[in-house]
Structures are given as C-alpha cells and as structure tokens.
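Below are the chains, spelled out letter by letter.
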Amino acid sequence: MKYQTVIGLEVHLQLNTKTKAFCGCSTDFGKAPNSNVCPVCLGFPGALPVYNHQALNSAIKLALAFGCQIQEHTKFDRKNYFYPDLPKNYQISQFDLPLSRNGYLDIYSQDKPKRIGITRVHLEEDAGKLIHETGVSLVDFNRTGIPLLEIVSEPDLFSPQEAFDYLTSLKSIIEYLDVSDCDMEKGSLRCDANISLRLEGAKELGVKTELKNMNSFKGVKDALTFEVERQTLLLEANQKLVQETRLWDVEKGVTVAMRTKEGAKDYRYFPDPDLTVFIIDASIISQIKAQLPELPPEKMRRFVKEYGLTEYDAKILVSSKNDAEFSESCIRDYPGKDKKELVNWLIGPLLSEANFRKIKLHELNLNKNELISLIGFVERQDISHLSAKSVLSQLLDTGKSARDLIEEGNLKQISNAEALLEVMETVIQENAKSVSDFKAGKTNALMYLVGQVMKKSSGKANPKVVGELIRRRLTDA
Amino acid sequence: MSIDKETIKHVAHLARIELQPNELDKLSGELDEILGFIDKLKYLNLEQVKPASHILPINNVLREDEPHVSLTSEKALENAPSKQGNFFSVPKIIE
C-alpha cells in the first residue's frame, strides 16, 4: 500500500524588539540569570502588562508579508496551565481573534513552485528557561515575556524535504523583514511539526503525532523522515497509531513518546482583562504596507527580467537580503548586457570562498571593481580560469588589486602557439600511450594530454589553444 | 445548568486547589447560583448588543519599545521559597 505524508508546521518566532512584550525589561540574550526581570514578567500580583508598539508593528509587517488578512479586531487571551517556567500560571496568547489569518508562502521544492497555506499568525509571549539538574530544576525568567509570533501552516507539506524548504523560505523572508534573528540555536526560531500518513488518494487525515525538540532545520527534516518510516511500519503491520507528542532525540536519531499528562488539555482560555482590545484599521495597515521591502519572490522575478538571470541563479542570489544587495550592485556595475559570466562567479567561486570562510557573500573583504576586473582578465583570455580562482582567493586575503596579483604571480596565460610547441612536443614524447589512445578514437586522451601541458606550464598555458594545437598535431601526422 | 461534584473536582484540580468534602458541597451550590445568574442573559434581547471582550471602551493601549530598569536578581529572588545561585529552584519536573 502506498501512503501520502501530510505535515503541518508550527513556528514560534522571537521578535527582535529591544524590550519584552508587556514590560520594559531588556531582551538581551546571555545576561546573568534572572536579571532581565520585573514585577510584570515575574507575574507579581497587581502588575499591569502593556503591549509593545514595535512588537505589534513587526507582527503586522510579517503577517502582511505572508499575504495574511489582518483582523480588524484583535485581543489577548489567557492560556491557563501550571508549569515552573510560567510565573503567572497563564501565558498571554491569542485564541479566537488572532492578529491575522489565511496567508500563504510560495516555496520551491525539487525545483517546482508550490503554495503553502498559512492558517494564522498570532501574538504571544515566551516562557522562561529550565535547566534540569540532579534532584532540582533551575528557572531563569530572563526569556519570560519576550514577544513571540506563532506561525501555523496548513497541512500542505507532503514530504520532509518540503517542510525543510518551507522553513528555509520562511526564514529568508523573515530576515528580509528584519523582525527576528531567526537563530534556531539561540532559540529565537523554534519549530514543532504535526505529521500523519494516509492512504494515497484518501481525503481524511490519518492519526497525527506532534514532534518537538528539534533544534535545527535539518533536525526537523530528520525527525520527520524518521517518523514517516515509523508510521509506515506500524500501518503496514496493521497496528493502530495513537495521537501523541514525541520528542526528537538528535543523538540517537529517533523520536520518543513523551509521557502524557492525564486528561485532555484544558487551557480555559478567556480574554485577558489586563489588556485592551486592538483595532487595526486600514490606515495602520497601509502605513505598514508601505514599509515592506521587496521580498525574495519579487526580487527573484525582477532579477530574471532585468538582468536576464535564470530562475535557478536568481533564487540563489536572493535567498539572503544583504547578499542580494551585494550581488545586484556587482551586476549593475558589470559591463555589457550579458551577466551570465559574473553570476557564475558569484554563485560559484565567490560563494565557495564565503562558505569556506564561514561568512556570507556580502561579508567578504572584496571590492566589486576588483572582481569585475578579474573576470575581465579571464574573458580576454589573459589568465586561465584556474589561475583566476587562486587570484580571487588572494584578493580576499590581501586586498591587493587583481592586476598586481596577476603580475606578481606571473600568471599571464600563454596563448602564443610557438611558446607552447616545445612543451607540447615533450608531452607527446612522454605519453605515447595516450597519443595512440587518441588516435584510436578515445577523445578523453586529448583532455589528459592538455592537462599534462597545463601542468608543465604551471597552469599558464591556455587550455583551449593547447587542445587545438595537440589535436591538429596528432591528426595531421 | 447544574454543576456536579465531579466537575467541581476537575476545576479544582486544574486550579491546583485542594477542597475538603464540605467545601465541595458549598461550592457546587454557589457555582450553581452564579451560573444561574449568568443564564439570565439568555432571556434578554441582545440583538443590538455587540460582543465585548473588555468592559472598558478603550483600545490600542501600547507602550514604546524603551527599556526600563529591571530588578536585580537579588531583589527578584528575595522572596523565593527556594533558590540556587541566581536561579529559582523547583522540584525536578522531568526524569
């Protein structure tokens, strides 16, 4: 039997405001335990919460970026439960009148576009941090009350890879909006997943499990992949699945059932009387809409249209805002209408250099004019592509000019046939086997001979010229 | 609507309140009365009344994103029944 995987994701996002959601305590990460706290976030009796204006603006901005309908009338509710990381014994959240609903996110998965529905984006607050030691749990309330958004997707994701691609696109857009650090390791972006399997073609959803405790996008994908296998095995053995919460164990690479609390969850939501309602009218919305930057999908389409890039190349360049801006300034300054060569350099050698140095493209110590000048040398066949890559590396290390580095390294390519003839003859003498292979019709042998000439000329020979020379020499003979 | 003892016990558990048997009886009577009073809404004509989630006719009360001075951790922990270093400490909640 064939099963279809159905996944929905719930993302919790810390907003990057200076202060907490309902009080003026700082949101700085890594401060001494229980030093960013006050009567409001510690839940002292009589303390009154007041919502952060910046948090509301950021939330509306994000909801608009995902095409959500902003609710004209929105309010906060109390979600009641007891846990030591929750000093008030309720979390301020939103229940029946969330900030926004019915949005979407366009993703590319396996090179195909797909629209994923976003059910709702609502406002809430973070809980404290627990550290478990022998016999006791320690509580740090610094994180308590940091503004969170909960972003709930529709069950539109049909594979762990799609879930991964959804998260990547989501993160990319949030970075463009500059409303969160999106750092899963620091906990500013967290993700839970609901996953169920159903028979191919079935309409009803199967029994779902909720997965928690993943601390990277890859963790989400791995946990989901494990869960697809586990559920498939159970279903094929005709065993009943139970609805449960399972925790991802990254060390063992398995999900483990969480001990269930007795009875269904009963949060007794009710409107928080300490906070007033919010009326978000058209003027507020249009004011925030005007602040929205050009987002990755639009930027990608514009790069394709304006600069003739392929969708594939454009998609790579727009995934980070700063990299996209850096790339566009290079593209603008690059002479001529055909930008392909430059783009190849950006997403090829330059991106590998950045990855190697564990930084982003735009953080490379690079003057774009030097990059353009370097590509010019290659285009005019003054230096080989191989030498140019090493010049690029030196450019980044030393900050010298491409011209100086090429001269210092004596890297000018030898395209002059006469200068190459002697080397070529030696190579032909030394490699009788390859010569006869080539004559027997093995074209690969030519590549090998060219490689030998390149080696003997310390990479300075122009491979195109060498190839042509050897071919003529061997076919004429 | 009438409230049975099981419901009272359930609600008491959710609120982490321990009730004596005599309190159970007393409370189920009192809650019955309160709910009976709220039930009066059913007999009123409310067609013209908009649903409200707050008793005050004010909205959009917000604060600017400016930091205030927080408590020191000594002060924050002053009344803690149990602490360890700068942390509040509680009985271990997972094994």
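Quick caveat, the model's predicted, so the values are computed rather than measured. Numbering of residues starts from 1 in every chain and runs along the sequence as written. The naming scheme follows written order: chains are lettered A onward, ligands numbered 1 onward. Per-residue local features are limited, in this predicted model, to residues with pLDDT of at least 70; the limit for side-chain atom pairs, both in listing and counting, is 80 or more; totals at the level of whole chains, interfaces and linings are taken over all residues. Only hydrogens and water are set aside when side-chain values are computed; all heavy atoms of the structure are taken into account.

Draft legend 1. Representation of the overall build of chain B. Where helices and strands are cited, they refer to DSSP runs of H or I of at least four residues and of E of at least two residues respectively, numbered from the N terminus. Scanning chain B for helices and strands turns up three helices and three strands. Mapped from its N terminus to its C terminus, chain B presents α and β elements in the order α-α-β-α-β-β. The globule rule puts the C-alpha radius of gyration for 95 residues at 12 Å, and the 22 Å found for chain B is more than 25% above it. In terms of overall dimensions, chain B has C-alpha extents of about 55 × 45 × 25 Å along its principal axes. Accessible surface is estimated by sampling points in the Shrake-Rupley manner with a 1.4 Å probe; for residues, cover comes only from the protein chains shown. Element-wise, carbon and sulfur atoms account for 58% of the exposed surface of chain B, whose accessible area totals about 7800 Å². C-alpha atoms define the radius of gyration, and 2.2 Å times the number of residues to the power 0.38 defines the globule rule.

Draft legend 2. The side chain of K299 of chain A, seen in detail. All names here are of chain A. Mapped onto the fold, K299 is located in helix α5 (residues 296-307). We call a residue buried when its accessible area falls under 20% of the maximum for its residue type, exposed when it is over 50%, and partly exposed in between, using a 1.4 Å probe and counting protein chains only. Given the relative accessible area of 6%, K299 is considered buried. Any pair of residues with heavy atoms lying within 4.5 Å of one another is described as a contacting pair. Residues within four places of K299 in sequence aside, it is in contact with Y176, E294, V318, A324 and E328.

Draft legend 3. Quick look at the pattern of salt bridges. Residues and elements named next belong to chain A. A carboxyl oxygen of Asp or Glu within 4 Å of a side-chain nitrogen of Lys or Arg is what we treat as a salt bridge. Applying the stated criterion across every chain yields a total of 38 salt bridges over all chains. Linking R302 and E328 is a salt bridge whose minimum nitrogen-to-oxygen distance equals 2.8 Å. Here the residue R302 occupies a position in helix α5, and E328 occupies one in helix α7 (residues 321-333), the gap between them amounting to 26 residues. Across the salt bridge formed by R357 and D397, the nearest N and O atoms sit 2.9 Å from each other. Of this pair, R357 sits in the loop between α8 (340-356) and α9 (368-379) while D397 sits in helix α10 (residues 385-398), placing them 40 residues apart in sequence. In this structure R357 comes out as partly exposed when scored by relative accessible area, which is 26%. Three or more residues joined by partner-sharing salt bridges are found here, namely E294, K299, R302, E306, E328 and R332.

Draft legend 4. Expanded view of the side chain of D313 of chain A. All names here are of chain A. With respect to the helices, strands and loops of the structure, D313 is situated in helix α6 (residues 311-318). A residue is classified by how much of its surface remains accessible, and D313, at 5% relative accessible area, is buried. Once you skip the residues sitting within four places of it in the chain, D313 turns out to touch K340, V343 and I347.

Draft legend 5. Broad picture of the pairing of strand β14 (residues 244-249) of chain A. Residue and element names in this part refer to chain A. Pairing between strand β13 (residues 209-214) and β14: four bridges, direction parallel. From the neighbouring strand, K212 faces β14, where its bridge partner is L247. A crossover counts as right-handed when, viewed with the strands pointing away from the observer, the path leading from the first strand over the helix to the second turns clockwise. Regarding topology, helix α3 (residues 217-236) serves as the crossover connection from β13 to the parallel β14, and that connection is left-handed. Strands are treated as partners if at least two bridges between them are detected by DSSP. As consecutive antiparallel partners, β14 and strand β15 (residues 254-257) are separated by four residues, and within that stretch G253 has a phi angle of approximately 70°, a positive value.

Draft legend 6. Local environment of the sheet that holds β14 of chain A. All names here are of chain A. An order of β3-β7-β8-β11-β1-β12-β13-β14-β15 is seen for the nine strands of this open sheet, with the pairing classed as mixed. Edge positions in the open sheet fall to β3 (69-70) and β15, since each of these has one partner strand only. For strand β7 (residues 100-109) and strand β8 (residues 112-125), the ladder comprises nine bridges, and the chain directions are antiparallel. Directly across from L105, in β8, lies its bridge partner I116. Axis definition: a line fit to C-alpha positions, over the contact stretch in the case of helices; interaxial angles, taken between N-to-C directions, run 0 to 180 degrees. Together, β1 (3-14), β3, β7, β8 and β11 (147-153) form the strand contacts of helix α1 (residues 53-65), whose direction differs from that of β11 by roughly 15°.

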